[in-house]
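In case you want the letters, here they are:
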Amino acid sequence: MGVRLALPVLLLALLLPAAAASARSVPQGFYGVVYDGAATAAAPAMQDAQFAQMAQAGVESVRTVFSWAAAQPVQGGAFDFTASDQLVALAARHGMSLLPIVIYTPAWARLDSSSAASPPADPSAYAQYLAALAGRYGSSGTFWAEHPELPRRPVLYWQVWNEPHLTLYWDASDWQKGYGALLRDAHAALRQADPRSRLVLAGLTGTSWDALQSLYARGNVKGAFDVAALQTYTGTPAHLLLAVHLFRAVLARHGAARMPLWLTEMGWPAAKGRVKVPSYQRTIATTDAGMGRRLTAGYNVIARNRRSPRALVSRAYWYTWSSPYVRSSDVGTGIFRFAGLERFDGGAFAKKPAFAAYVRSARAHEGCAKTSTGGCR
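Calculation rules
- Residues numbered from 1 in each chain as written.
- Predicted model: local features only at pLDDT ≥ 70, side-chain atom pairs only at ≥ 80, totals over all residues.
- Heavy atoms only, no water.
- Helix = DSSP H or I, 4+ residues; strand = E, 2+ residues; numbered from the N terminus.
- Expected span 1.5 Å × (residues − 1).
- Buried < 20%, exposed > 50% of the residue type's maximum accessible area, 1.4 Å probe, protein only.
- Contact = heavy atoms within 4.5 Å.
- Salt bridge = Lys/Arg side-chain N within 4 Å of Asp/Glu carboxyl O.
- Pairing = 2+ DSSP bridges.
- Phe/Tyr/Trp six-rings, centres within 6.5 Å; stacked < 30°, edge-to-face > 60°.
- Lys NZ or Arg CZ within 6 Å of the ring centre and 35° of its normal.

**Q** Go over helix α4 (residues 82-93) with me, naming the residues and quoting the values.
**A** The end-to-end C-alpha distance of α4, which contains 12 residues, comes to 17 Å, matching closely the 16 Å that a straight helix rising 1.5 Å per residue would cover. Listed as buried for α4 are S84, D85, L87, V88, A89, L90, A91 and A92. Tucked into the core, α4 has its buried residues touching α2 (44-57), β2 (61-67), β3 (97-103), α5 (123-137) and α6 (142-146).

In structure tokens form, the structure reads like this:
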């Protein structure tokens, strides 16, 4: 009798998918990557193959640039959605969420026409572009009606700018006041265009908690964003957790203790021994093997502590999916040319040692191996 009862149970166990063997320990979208650089200009078939590779690696969310400067180079001109259409289609086809970084001002709209990093002179002009994006890719977006062959995956989260406290991205004085005005206009326009949409704060880096406090104090941003964003590069995974604690403490002081928090960039570039590393970046630069170890430890410390209100992180984007792994004359950002999970020099992609570490980490916390369309195998 016992044997007859055991056989059906054994057969059922064999038929169940492997994903049932371990429980998922992180929310959907937790494992992300930044997709930037030369990869975004690769041939369409090559990019499709990379998105398939991302999905199989466990990537569930992709953060990439939607350039206003490229989409509307002429004042009053129609928006060109060619580049963003391609990225939205790639993410939808491979079962991933897309987080656009909406950034870069056309020359005609800049506060300083001579600076490519200038913010817009009129925040409402930027807000119009953001609203047009939400109208195309959001809940009732025209893109989905035009492409019934694609799985419908509306873009609901939009990141307004990147690191506005750095002149590399916001070349203007009093960034808190200027970015605060942009954020308020963008939030109002986004909600009107698609009430389901959510605005993600620009990622703040360095002593990000001080930048956030300064933004609250001088930028009048309370209630103007829905998701907080931290971009941290630390010497150790333990310091990564400390940065989250400090950032969340500022949110709590301003009535946003429960606000979702995303690490929109994290990483440890494998620049050691490849390029001269500035003294202030020596703690974050490592080797190929070191990148893999720190990646594993970093994701583990975030995933294991995320039930603590002080350490709750809903997504973590590795910087970056691919990079050239060649020297650059740019001292400040040169080490990040060795940050990719894959090497891409414009001709072919090649996996780096940290790629395998990412796959192992994602499988451990997502509870399964993934297919090229994002499902569990």
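Further notes follow.
**Q** Now, about the pattern of salt bridges: what can you tell me, with residues and values included?
**A** Note on pairing: side chains with opposite charge can pair once their charged atoms come close. The final tally for this structure, using the stated rule, is 11 salt bridges. Residue R24 pairs with E60 through a salt bridge whose shortest N-O separation is 2.6 Å. Of this pair, R24 sits in the loop between α1 (2-15) and β1 (31-34) while E60 sits in the loop between α2 and β2, and the two are 36 residues apart along the sequence. Here R24 falls in the partly exposed class, since its relative accessible area comes to 32%. The class for E60 is buried, based on a relative accessible area of 2%. The closest approach of N and O atoms between R343 and D345, which form a salt bridge, is 3.4 Å. By relative accessible area, which is 28% here, R343 ends up partly exposed. For D345, a relative accessible area of 47% puts it in the partly exposed group.

**Q** Kindly report on the sheet that holds strand β10 (residues 342-344), identifying the contributing residues and their values.
**A** Reading across the sheet, the 3 strands line up as β9-β10-β11 and stay open at both edges, with mixed pairing between neighbours. Each having just a single partner strand, β9 (322-323) and β11 (349-351) make up the two edges of the open sheet. Relative to β11, β10 is paired through 3 bridges, and the arrangement is antiparallel. Across the sheet, R343 pairs through a bridge with A350, a residue of β11.

**Q** How would you sum up the packing of aromatic side chains? Please name residues and give values.
**A** Counted under the stated rule, the structure contains 27 aromatic pairs. Measuring from ring centre to ring centre gives 6.1 Å for F30 and Y299, while their planes differ by 70°; the resulting arrangement is edge-to-face. Separated by 269 residues along the polypeptide, F30 in the loop between α1 and β1 and Y299 in helix α10 (residues 288-305) bring together distant segments of the chain. As far as burial versus exposure is concerned, F30 and Y299 are alike and both buried. Here the aromatic rings of F79 and Y129 are separated by 5.3 Å at their centres, their planes lie at 45°, and the arrangement is tilted. On the criterion of sequence distance, the pair formed by F79 in the loop between α3 (68-71) and α4 and Y129 in helix α5 is long-range, its members being 50 residues apart. Residue classification places F79 among the partly exposed positions, given a relative accessible area of 24%. The ring of W262 carries the charged tip of R315 above its face, separated from the ring centre by 4.1 Å. The aromatic ring of F355 is capped on one face by K351, whose charged end is 5.2 Å from the ring centroid.

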